[in-house]
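Survey of secondary and tertiary structure
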Amino acid sequence: MSGARKPLAALLVAGALSPALAGCAAGTASAPAGTSAATGTSATPALSGTVTVFAAASLKATFTKLASDFEAKNPSTKVTLNSAGSSDLVTQITQGAPADVFASADTKNMAKLTYAKLIDGQPANFATNVLEIAVPPSNPASIRSFADLAKPGVKVVTCAPQVPCGAATDKVEKATGTTLKAVSEESSVTDVLGKVTSGEADAGLVYVTDVKTAGDKVKGIAFPESDQAVNTYPIAAVGTSKNKELAAAFIATVTGSQGKKVLTDAGFGTP
Amino acid sequence: MNHRSGSGYTGIPPWIYAIAAAGGLFVLLPLVAMVAKVNWPQFVPLVTSESSLTALGLSLRTSAASTVSCVVLGVPLALVLARSPFPGQRLLRAFVLLPLVLPPVVGGIALLYTFGRQGLLGKNLELAGIQIAFSTTAVVLAQTFVALPFLVVSLEGALRTAGNKYEAVAATLGARPSTVLRRVTIPLVLPGLASGAVLSFARSLGEFGATLTFAGSLQGVTRTLPLEIYLQRETDADAAVALSLVLVAVAVAVVGLSYRHPHTGAAPERALQ
């Protein structure tokens, strides 16, 4: 009776008791500081070590590019990038995750850290983002404007009002007097995009930059009312950072001309 | 057959107890930490808010429906796997058990390409006027997909343990196969079936990844309790923790119900309350 069944049963219980493990926080451990630059002392002090950057999910592509540019320019540095939803990142930093730089997709989440006195100095706004309608390439519901989304029978997916992209959607709805009947209110903009690229939804409200990243998997339809809800992206050094010099240098790269170029290419606006 | 442990020599070296205690703590401590974080004065309003109750109701309804689907599909599967050897049986078992180890998100993607609007079956269902995407049916499908192996494994184990002697006797006495199944086999493995069903229910209740990927998230339609927790966490950590506790309580109750082995003496924590 017992023998072989017990371990199996134990395994099953373990499985049943672990419900929502999806939001596994991938806290990046800070790598040991790089070996001090052995390349002799030049006129400007060489930067070295590891800088850990916590960046909003929508910044993943641009920051990956900026990080490798930064490493190329400063050979004895290493940039460790951790991308997730801004509020996830705030939670991680509040719980002591080793971050040197935090770049948020909205000012609200940055304010949470400023309020908790975990930010060094003033956050700098470095980019803006607006909503755009994403439709499958064939545009099955013939969407042309924001008002078209409210037509009966159109399957539109939005972000839930609790997350930044949903708050922006809410603002646009209020400003235009249009009420959308979404078939799903997702908790992240990538989930909205996924529903559109898979063809499940006729349209989704995402950021301009998401449409650009998705390439030819979706078609973007810009709408003038989007300027009613402009999202501002702030960046700042985290107060507990052990390598403030490096953090400041990375922030300067993002806010400088090179950062501007990479961000504009990806569809971001300038604040 | 049913040897009793508990008295006398256990054969367990003392250091095993130390590691076992650490293992127990590893599971218990996070739960304790969560309970410590609960905002008790606000607990009742938080878990009885309209969105929470809607999510809880939806979770219970869909999990019940998934459990029924699991029994309907899983009992024949377990019977075939346990009783009739056929070529490819090992392979079939491996595939049936796959959702146990598959990340639920992967399950969700697979379901999307099967039942979605552009999916393998979804295309034809759409023509027939049946729309699964973004409906409660999608939630039940996702839950059934991840929970089915729990029922099959429990029941197959029970069937193998029970053996087929009684069934052979019944057959020699002239009972038809369907009668044997109804009057002998099923009653014999009823405890295994029940615990399998309870585990399926518990797994359905906790289902998150496949639902999020496949069904979407809309209050009252597809936003089950785990999805509600995930969303609440964005703005209201207190509500997320309170709802998590509700889910833990339901899961503990459900699993506790199905594992009342006579010799395990139940959970001491419950005896204390």
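From a predicted model like this one, the values you see are computed outputs, not experimental measurements. (Residues numbered from 1 in each chain as written. Chains lettered and ligands numbered in written order. Predicted model: local features only at pLDDT ≥ 70, side-chain atom pairs only at ≥ 80, totals over all residues. Heavy atoms only, no water.)

1. What to know about the overall build of chain A
Our working rule: Numbering of helices and strands runs from the N terminus; a helix is a DSSP stretch of H or I covering at least four residues, while a strand is a stretch of E covering at least two. Throughout, exposure labels follow a simple rule: accessible area from a 1.4 Å probe, protein chains only, divided by the maximum for the residue type, with under 20% read as buried, over 50% as exposed, and the rest as partly exposed. Any pair of residues with heavy atoms lying within 4.5 Å of one another is described as a contacting pair. All accessible-area figures derive from a Shrake-Rupley calculation using a 1.4 Å probe, and residue coverage is judged against the displayed protein chains alone.
The helix and strand tally for chain A stands at nine helices and ten strands. Taken over 271 residues, chain A has a buried fraction of 48%. Considering only contacts within chain A whose residues lie at least 6 apart along the sequence, 76% involve residues at least 24 apart. Per element, the accessible surface of chain A, about 12,400 Å² overall, is 57% carbon and sulfur.

2. A short note on the packing of aromatic side chains
Residue and element names in this part refer to chain A. Spelled out, the test is: Aromatic pairing here means that ring centres of Phe, Tyr or Trp (its six-membered ring) are within 6.5 Å. Orientation follows from the plane angle: under 30 degrees is stacked, over 60 is edge-to-face, and everything else is tilted.
All chains considered together, the criterion is met by eight aromatic pairs over all chains. Judged by centre distance (6.0 Å) and plane angle (65°), the rings of Phe 63 and Phe 250 are edge-to-face. Note that Phe 63 is positioned in helix H2 (residues 60-73) and Phe 250 in helix H8 (residues 244-255), a separation of 187 residues in sequence. Judged by relative accessible area, Phe 250 falls into the buried class, the value being 0%. Measuring from ring centre to ring centre gives 6.3 Å for Phe 126 and Tyr 233, while their planes differ by 80°; the resulting arrangement is edge-to-face. Within this pair, whereas Phe 126 is found in strand S4 (residues 119-129), its partner Tyr 233 is found in strand S10 (residues 231-238), the two being separated by 107 residues in sequence.

3. Points about the confidence of the model for chain B
All names here are of chain B. Test applied: Scored from 0 to 100, pLDDT reflects the predictor's confidence in each residue.
In this model, chain B carries a mean pLDDT of 87, and residues with pLDDT of at least 70 account for 92%. Here residues 262-273 is a poorly scored stretch, pLDDT under 50, and it has two contacts once near neighbours within four places are set aside; other chains count. Two numbers describe this predicted complex: its pTM, 0.77, and its ipTM, 0.75.

4. Some thoughts on the pattern of salt bridges
Pairing of side chains with opposite charge becomes possible as their charged atoms draw close. The test is simple: The term salt bridge refers to a side-chain nitrogen of Lys or Arg lying within 4 Å of a carboxyl oxygen of Asp or Glu.
This structure, assessed with the given rule, holds eleven salt bridges over all chains. A salt bridge links Lys 65 of chain A to Asp 69 of chain A; the nearest nitrogen and oxygen atoms lie 3.1 Å apart. Taken together, the positions of Lys 65 of chain A and Asp 69 of chain A, both in helix H2 and four residues apart, correspond to about one turn of that helix. Its relative accessible area of 21% is what places Asp 69 of chain A among the partly exposed residues. Via salt bridges that share partners, Arg 93, Glu 156 and Arg 160 of chain B belong to a single interconnected network.

5. Description of the packing of H2 of chain A against helix H9 (residues 257-265) of chain A
Residues and elements named next belong to chain A. We count it as follows: Lines fitted to the C-alpha atoms define the axes, with helices restricted to the stretch that makes contact. Angles between their N-to-C directions range from 0 to 180 degrees. Handedness of a helix crossing follows the sense of rotation of the near helix relative to the far helix, less than a right angle counterclockwise being left-handed and clockwise being right-handed. Lys, Arg, Asp and Glu make up the charged group, whereas Ala, Val, Leu, Ile, Met, Phe, Trp, Tyr, Cys and Pro make up the nonpolar group; the residues left over, Gly among them, are polar.
In contact at an axis separation of 10 Å, H2 and H9 are set at 145° when each is read in the N-to-C sense. Judged by the sense of rotation from one axis to the other, the crossing of H2 with H9 is right-handed. Touching Thr 62, Lys 65, Leu 66 and Asp 69 of H2 are Gln 258, Gly 259, Val 262 and Leu 263, all from H9. Of the residues that constitute the contact of H2 with H9, the class distribution is three nonpolar, three polar and two charged.

6. Concerning the sheet that holds strand S9 (residues 219-221) of chain A
Through backbone hydrogen bonds, the strands of a sheet pair up, either in parallel or in antiparallel fashion. Residue and element names in this part refer to chain A. Keep this limit in mind: Paired strands, in this sense, are two strands between which DSSP finds at least two bridges.
Spatial ordering of the open sheet is given by S7-S6-S8-S5-S9, a layout of five strands whose pairing is mixed. Each having just a single partner strand, strand S7 (184-186) and S9 make up the two edges of the open sheet. Strand-to-strand, the axes of this sheet are offset by a mean angle of 35°, without reference to chain direction. Bridge analysis of strand S6 (residues 156-159) against strand S8 (residues 203-207) gives two bridges, and the strand direction is parallel. Pairing of Val 157 across the sheet is with Gly 204, part of S8. Contacts from helix H5 (residues 164-176) reach strand S5 (131-135), S6 and S8 within the one sheet, and its direction differs from that of S5 by about 100°. Sheet strands touched by helix H6 (residues 189-197): S5, S6, S7 and S8. Its angle to S8, the strand with the most contacts, is close to 145°.

7. Considerations on the domain arrangement of chain A
All names here are of chain A. Heads up, the rule is: A domain assignment, automatic or from a database, supplies the domain bounds used here. Once two parts are joined, some of their accessible surface, as seen by a 1.4 Å probe, is lost; buried area is that loss totalled over both.
Domain boundaries assigned for chain A yield domain 1 (49-128 + 233-271) and domain 2 (131-228). Computed over C-alpha atoms only, the centres of domain 1 and domain 2 are separated by 27 Å. Contacts between the two partners involve six residues from domain 1, matched on the other side by four residues from domain 2. Buried area between domain 1 and domain 2, both sides added, is near 530 Å², and the carbon and sulfur share of it is 62%. For domain 1, the biggest contributors to the area lost against domain 2 are Ser 58, Ala 266 and Gly 267; these three give 44% of the whole.

8. Thoughts on helix H5 (residues 104-115) of chain B
All names here are of chain B. Spelled out, the test is: Expected span of a helix: the number of residues minus one, times 1.5 Å. Note that the arc is computed from the directions linking the helix axis to the C-beta atoms.
For H5, with twelve residues, the first-to-last C-alpha span of 16 Å sits near the 16 Å given by 1.5 Å per residue. Along H5, the positions that sit buried rather than exposed are Gly 107, Gly 108, Leu 111, Leu 112 and Phe 115. Taken down its axis, H5 places every buried residue within 140° of arc, on the same side. Each element contacted by the buried residues of H5 is listed here: helix H6 (122-127), helix H7 (136-162) and helix H11 (209-214).

9. A word on a nonpolar patch on the surface
Selection rule: Patch membership is restricted to residues that have no salt bridge and whose relative accessible area is over 30%. Joining uses 9 Å for like charges and 5 Å for the nonpolar side chains Val, Leu, Ile, Met, Phe, Trp and Tyr.
Together, Leu 25, Phe 26, Val 27, Leu 28, Leu 29, Leu 31 and Val 32 of chain B make up a nonpolar patch on the protein surface, roughly 700 Å² of accessible area in all. Tracing the backbone shows Val 27 of chain B in helix H1 (residues 14-37).

10. So, the pairing of strand S2 (residues 77-84) of chain A
Residues and elements named next belong to chain A. For the record, the criterion: With its strands directed away from the observer, a crossover is right-handed exactly when the path from the first strand over the helix to the second travels clockwise.
For strand S1 (residues 49-56) and S2, the ladder comprises eight bridges, and the chain directions are parallel. For Phe 54, the partnering residue across the bridge sits in S2 and is Asn 82. Crossover connection from S1 via H2 to parallel S2: handedness right-handed.

11. Structural notes on the environment of Thr 158 of chain A
Residues and elements named next belong to chain A. Relative to the assigned elements, Thr 158 resides in strand S6. The sequence separation of Thr 158 and Thr 176 amounts to 18 residues, and the corresponding C-alpha distance is 16 Å. For Thr 158, the contacting residues outside a window of four places in its chain are Thr 169, Leu 180, Ala 182, Ser 184, Glu 185, Glu 186, Val 192 and Leu 205.

12. Considerations on the sheet that holds S4 of chain A
All names here are of chain A. An order of S2-S1-S3-S10-S4 is seen for the five strands of this open sheet, with the pairing classed as mixed. Looking at the sheet topology across the chains shown, the edges are occupied by S2 and S4. Averaged over neighbouring strand pairs, the angle between their axes works out to 20° when direction is ignored. Taken together, the three bridges between S1 and strand S3 (residues 101-103) define a ladder with parallel strand orientation. Residue pairing for S3: Ala 55 is matched across the bridge by Ala 103.

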